[in-house]
Amino acid sequence: MNTGILFATLSFFCWGIFPLYFHAISAVPAMEILAHRMLWSLLFLIIVLSVRQQWGWLPKVLRQPRVLASFIASAALLSANWFVYIWSVNNGHVIDASLGYFINPLINVLLGQLVLKEQLRRGQWLAIAVAAAGVMWLTWQAGQLPWIALILGITFGGYGLLRKTAALAALEGLSLETMLLFPAALVYVLWLTSQGANTFINTPADSTRWLLAAAGPITAIPLLLFAAGARRIPMAVLGLLQYLSPSMQALLGVWVFHEAFPQTRLIGFLIIWSALLLYVAEGLWQSKRAK
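Per an unreviewed UniProt entry, the protein chain is named EamA family transporter RarD, and its organism is Duganella qianjiadongensis. What UniProt records for the protein chain under Sequence similarities (unreviewed entry) is the sentence "Belongs to the EamA transporter family."

Right under this line is the structure:
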């Protein structure tokens, strides 16, 4: 349990500072960054698997269609989450992206109840209802759904659920996901190269090349930590720890990237933060009551 909490905390801290990395390569289109994340992540994971001599799982998995199907689904959710997040950071929506990860813990709790049959107490249902009210307020004020936040929250919630129930451990599971994503990423990068639009080749800045190549370990290490943590702790605890990442991202959006944060948006965030505080307080009260 303690090891799982440590792994999950480290993963959320890494994700909390991700906007700084993507802002540094904001000149690169989001789809191209996504493709490089897939390519360099697989290279990094192949090195790790080779050093550990840990390839025996792959032939067995290839003979299990149901396992492959579950990882195709998790890979699709992961790539969708990556793309929307990269696009939002590079287009000045860091605060909107952080909202998605504020909503995500409550989505985790809801998925735990609906799919894993984890029973929700009355206070937890109330927290989810308050968070929904916050999303409705933001929708009404903006005149449209906060689609960035909802897509990020739902896709990562679904990914966390699939990883928690996955048949493979953290390293093997992430390696299989990147193997499934690799062909599409390679075809896209080769197409960019044929069009003379491959930033990795054409950029005059070596720093951009190094940053794109660093996408491998920068992507893989937090995901490995997250998957390892998710397998060791309940969904509710995972959701509680996840507050670290969006809090860091929201602060970066306001203080570093100077994004607009008007009073109407602040009210919506305060409602959602109230839902999170209610959820935490209810959990602490139940824990104290049980002792």
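Undergrad: Would you mind showing me how to read helix α6 (residues 94-114) here?
TA: An α-helix turns once every 3.6 residues. As a result, residues three or four positions apart point the same way. Under the 1.5 Å per step criterion, the end-to-end length of α6 is 30 Å for 21 residues, consistent within 8% with the ideal 30 Å. Of all the bends in α6, the greatest, near 30°, is centred on N104, and the proline P105 appears no more than four residues after it. Counting buried positions along α6 yields 19 of 21 residues, so the element is predominantly enclosed.

Undergrad: Would you mind going over the packing of aromatic side chains with me for this structure?
TA: Where two aromatic rings form a pair, the distance of their centres and the angle of their planes describe that pair. A full pass over the atoms with the stated rule returns 20 aromatic pairs. Ring centres of F12 and W15 lie 5.8 Å apart, and the angle between their planes is 50°; on these two criteria the pair is classed as tilted. One end of the pair is F12 and the other is W15, both in helix α1 (residues 2-16) and three residues apart, which spans about a single turn. With respect to class, F12 is no different from W15; both count as buried. Each residue in the set F12, W15, F18, Y21, F22, Y85, Y101, F156, Y159 and F226 is aromatic and connected to the rest through ring pairs, giving one cluster. Across the ring face of W82, the terminal group of R37 is positioned such that the distance to the ring centre comes to 4.4 Å.

Undergrad: Where do I start with empty space enclosed by the protein in this structure?
TA: Unoccupied space between atoms shows up once a probe the size of one water molecule is rolled over them. Using the criterion set out here, one finds one cavity of 30 Å³ or more in the structure. Here the largest cavity defines a volume of roughly 150 Å³. What lines the largest cavity is a set of 14 residues, among which W15, F18, N81, Y101 and F156 lie closest to the centre. Where the lining of the largest cavity is concerned, the elements lending two or more residues are α1, α5 (65-90) and α14 (244-256). Looking at the lining of the largest cavity, the element that brings in the most residues is α5, giving four residues. Looking at the lining of the largest cavity residue by residue, the classes come out as nine nonpolar, four polar and one charged.

Undergrad: Would you explain the packing of helix α7 (residues 122-142) against helix α15 (residues 263-290) in this entry?
TA: Geometry of a packed helix pair, given as the angle between the helix axes and the separation of the axes. Where α7 contacts α15, the axes come no closer than 8 Å and their chain directions differ by 175°. Considered as vectors, α7 and α15 are oriented roughly antiparallel to each other. On the side of α7, the interface is formed by G123, Q124, L126, A127, V130, A131, A133, G134, V135, W137, L138 and Q141, while α15 contributes T264, R265, I267, G268, I271, I272, A275, L278, Y279 and E282. Considering only residue class, the contact of α7 with α15 consists of 14 nonpolar, six polar and two charged.

Undergrad: What is the right way to look at the nonpolar core in this model?
TA: Side chains of a nonpolar character, in soluble globular proteins, are inclined to be buried together. Membership of the largest hydrophobic core comes to 58 residues, with the highest contact counts inside it found for F22, Y85 and L174. Considering every element that reaches this core, the biggest residue donor is α5, with ten residues. With residues near it in sequence (within four places) discarded, L174 still touches L45, L78, Y159, R163, A220, L223 and L224.

Undergrad: Looking at this structure, how should I read a nonpolar patch on the surface?
TA: Side chains of F13, I17, L20, L244, L251, W255 and V256 sit close together on the surface and give an oily, nonpolar patch of about 660 Å² of accessible area. Mapped onto the elements of the fold, W255 is located in helix α14.

What counts as what
- Residues numbered from 1 in each chain as written.
- Predicted model: local features only at pLDDT ≥ 70, side-chain atom pairs only at ≥ 80, totals over all residues.
- Heavy atoms only, no water.
- UniProt positions renumbered as here; feature names shortened; annotations may be inferred.
- Helix = DSSP H or I, 4+ residues; strand = E, 2+ residues; numbered from the N terminus.
- Expected span 1.5 Å × (residues − 1).
- Bend = angle between axes of the 7 residues up to and from the residue.
- Buried < 20%, exposed > 50% of the residue type's maximum accessible area, 1.4 Å probe, protein only.
- Phe/Tyr/Trp six-rings, centres within 6.5 Å; stacked < 30°, edge-to-face > 60°.
- Lys NZ or Arg CZ within 6 Å of the ring centre and 35° of its normal.
- 1 Å grid on protein atoms, 1.4 Å probe; cavity = no way out; pocket = protein on both sides within 12 Å on 5 of 7 lines; lining within 4 Å.
- Points joined across faces, edges and corners; volume = space filled by probe spheres on them.
- Nonpolar A, V, L, I, M, F, W, Y, C, P; charged D, E, K, R; others polar.
- Axes fitted to C-alpha atoms, helices over the stretch in contact; angles between N-to-C directions.
- Parallel < 35°, antiparallel > 145°, perpendicular 65-115°, else oblique.
- Contact = heavy atoms within 4.5 Å.
- Core = buried A, V, L, I, M, F, W, Y, C linked by side-chain atoms within 4.5 Å.
- Patch = residues over 30% accessible without salt bridge, like charges linked within 9 Å, V, L, I, M, F, W, Y side chains within 5 Å.
- Areas by Shrake-Rupley, 256 points an atom, 1.4 Å probe, with all protein chains shown as cover.
- Salt bridge = Lys/Arg side-chain N within 4 Å of Asp/Glu carboxyl O.

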